[in-house]
Amino acid sequence: MNNSKKMMIGLLALIFVFGTATTQAAPNKSTASSSAAKAPIVVEADELYFSDSTGDLYAKGNVQIKQNDDKVEADRLNGNTRKNEVWTDGKALLSRPGMELTTTGMRYNLNDHSGSMQSSKGTIEKLHITSKSITTTPAQTSLNEGTITGCPAEVPDYHISADRVEIWPGDKMIAYNAKFWIKNTVIFSLPKYQSSLQEGEGASVAFPKPSYSSDNGFGISQHLEYPFSPHLAAFADLDYYSRVDFKPMYGLISRNGNFTAKLGYGNEENDDHDWIKKEPELSFKLDSQRLGSSPLRLNASAAWGQWNEGKVRGTHSGFKLYLSHDPIALGSKAALKIGTGFDRNFYGYNDANNSVLHFDSLLDMNPSSRLNTWIGYSYSSNIGTTPYEFDRIDVSKEGRIGFMYQVDRLNGLGVKVRYDLEHGHTEDIDYTWRRNLHCFEADITYRAKRSEVRVKVDAVKW
């Protein structure tokens, strides 16, 4: 009789068909199977012991237990099919979307996707972590006596250590009694620290970032958040530049599931080094919303406040709507991105107002693993005027083209060109050298049309 069998444990009905007697060890690769209305649990092992009366399970040798995208691997594993639980005192590997952990000692419920682990190391939400103990559910993971970093090195260039870290996938993390390290040196500490894990943001911003530009001079920037409650935190953007001095922004931020509200007082800069001082500004930003089952996403924001730009000072209010299409695949190495939007602004200074209609398109191509190229077009129709340089549109019909080539493991070279299609001239030509600095990355850019140098050093994004 064939001793090779595959065991599939249903979540509702358990119907086992064994090639040998129940509870008898199988010397070869063991299998057994069942059919169930829901996704089954699949167990593979060199040796398998199972009790039909109690549901107890013991597996030994190359053990793999899977259900959908959850997988547990170990050399020895105990479990109970009626409780959908597995556990071990030895080494195990847990894999599920957004998480991969190597642990010594664990107990995990495959049905609830929850459990506890000891002496763990791995990745959670692209964060590299270590922890003395972990508890996890689909909604939240908690680390006790843990470290987190975006650097995969055995001795990371930077990391945060904390008595406890709470992680809400795709939302935020909070570290308690947090210490911030560069190599083996603590540079500062906070009783409580919060960081966003939303797309486009990351905890690497907690570390000071050096920079240089011909306009601002040498600079250092840092973003900090201190939570008061699950949805409310104080924040501070601490920016200092040798030529324009201290340019902070501070206030309160509230992340509430589908939207973010922020009350900020301080300075903000655009890409042309135009500064505006908000005294203060209240803003609301709706998280990107998919429209039904369509490939379209809506982004929306609104703001009210007082703007100060030297001699130009007054109230400002407005809203922005932007509709984007999911990237359209053009073969395996290219994608087309398109979107359109509408802005409406009202200014207290001279009672000015304007309306801006946007259209954007970008063809992104990756001919090889080393080369990324792009070509795009943007159109902005401006009806009305703005009294501020900060939000003035310089080019209404813009063409852009560029590439970034990875020369070797540490170095990349790129060129980016912007064209003013309405007036028929080149607006910008930027040459960039990108240098990998282990767990940091430096971009050195020469903006030829402006005779400007920019240097940006940032920790690897989490």
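The structure presented is a predicted model; accordingly, all values stated were derived computationally and were not measured. (Residues numbered from 1 in each chain as written. Predicted model: local features only at pLDDT ≥ 70, side-chain atom pairs only at ≥ 80, totals over all residues. Heavy atoms only, no water.)

Student: Can you walk me through the pairing of strand β18 (residues 249–256) in this structure?
Tutor: Here is the key point about a regular strand: its side chains alternate between the two faces of the sheet. Bridging between strand β16 (residues 232–241) and β18 involves five bridges; their strand directions are antiparallel. When the sheet's bridge partners are listed, D237 is paired in β18 with M249. As defined by bridge partners, β18 adjoins strand β19 (residues 259–269) across eight bridges and the pair is classed as antiparallel. Paired with I253 across the two strands is K262, which belongs to β19. Between β18 and β19, which pair antiparallel and follow one another directly, the connecting turn spans two residues, one of which, G257, has a positive phi of 75 degrees. (Pairing = 2+ DSSP bridges. Helix = DSSP H or I, 4+ residues; strand = E, 2+ residues; numbered from the N terminus.)

Student: Before we go on, may I ask you to explain unusual backbone geometry in this structure?
Tutor: Peptide bonds are trans in most cases, and residues, glycine excluded, mostly fall at negative phi. For the bond running from E279 to P280, omega is -10 degrees, close enough to zero to count as cis. Here P280 shows up in strand β20 (residues 275–290). One non-glycine residue, N62, lies in the positive phi region at around 50 degrees. Among the residues examined, N62 registers a relative accessible area of 52% and is labelled exposed. (Buried < 20%, exposed > 50% of the residue type's maximum accessible area, 1.4 Å probe, protein only.)

Student: Just to check I follow, could you spell out the confidence of the model for the protein for this structure?
Tutor: Predicted coordinates in regions of low pLDDT should not be interpreted in detail. Model confidence for the protein is summarised by a mean pLDDT of 88, while 90% of its residues fall at 70 or above. When the criterion is pLDDT under 50, residues 1–37 qualifies, and its contacts beyond four places in sequence or with other chains add up to 97 contacts. (pLDDT = per-residue confidence, 0-100. Contact = heavy atoms within 4.5 Å.)

Student: Is there a simple way to think about the pattern of salt bridges in this case?
Tutor: Side chains that differ in charge, positive against negative, can pair when their charged atoms come close. In total, this model carries 22 salt bridges according to the counting rule given. With a shortest N-O distance of 2.9 Å, D326 and R290 are connected by a salt bridge. Taken as a pair, D326 in the loop between β22 (312–325) and β23 (328–329) and R290 in strand β20 lie far apart in primary sequence, 36 residues in all. In this structure D326 comes out as partly exposed when scored by relative accessible area, which is 23%. Given the relative accessible area of 35%, R290 is considered partly exposed. Between E389 and R392 there is a salt bridge; the shortest N-O distance is 2.7 Å. Counted as one network, the salt bridges with shared partners bring together D271, D272, E398, R400, R418, D428, D430, R447, R450, E452 and R454. (Salt bridge = Lys/Arg side-chain N within 4 Å of Asp/Glu carboxyl O.)

Student: How should I be thinking about the environment of A153 in this particular structure?
Tutor: The topology assignment puts A153 in the loop between β10 (141–149) and β11 (158–168). Note: C-alpha distance between A153 and H128 (25 residues apart in sequence) is 9.3 Å. Residue contacts for A153: discarding those within four places in its chain leaves H438 and C439.

Student: Would you take a moment to explain the environment of E452 for this structure?
Tutor: With respect to the helices and strands, the residue E452 is situated in strand β31 (residues 452–459). Separated by 239 residues in the primary sequence, E452 and S213 have C-alpha atoms spaced 7.0 Å apart. Apart from the residues within four sequence positions on either side, E452 is in contact with S213, S214, D215, H273, T445, Y446 and R447. A polar atom in the side chain of E452 sits 2.8 Å from the side chain of R454. (Polar contact = N/O pair within 3.5 Å; in protein donor to acceptor, adjacent residues only side chain to side chain.)

Student: Even after reading the chapter, I still don't get the state of the cysteines, so can you show me in this structure?
Tutor: As used in these notes, a disulfide is a covalent bond between sulfur atoms, one from each of two cysteines. Applying the stated criterion across every chain, the model contains one disulfide. There is a disulfide in this structure between C151 and C439, and the S-S distance comes to 1.5 Å. Within this pair, whereas C151 is found in the loop between β10 and β11, its partner C439 is found in the loop between β29 (425–437) and β30 (440–447), the two being separated by 288 residues in sequence. Residue classification places C439 among the buried residues on the basis of a relative accessible area of 1%. (Disulfide = S-S within 2.5 Å.)

Student: I tried to follow the side chain of D343 on my own but got confused; where do I start?
Tutor: As for its position among the elements, D343 is in strand β24 (residues 334–347). Of the side chains with opposite charge, K320 comes closest to the buried, unpaired D343, at an N-O distance of 4.7 Å. Side chain to side chain, D343 and H358 meet in a polar contact 2.8 Å long. Residues within four places of D343 in sequence aside, it is in contact with F319, K320, N354, S355, V356 and H358. (Lys, Arg positive; Asp, Glu negative; His and termini not counted.)

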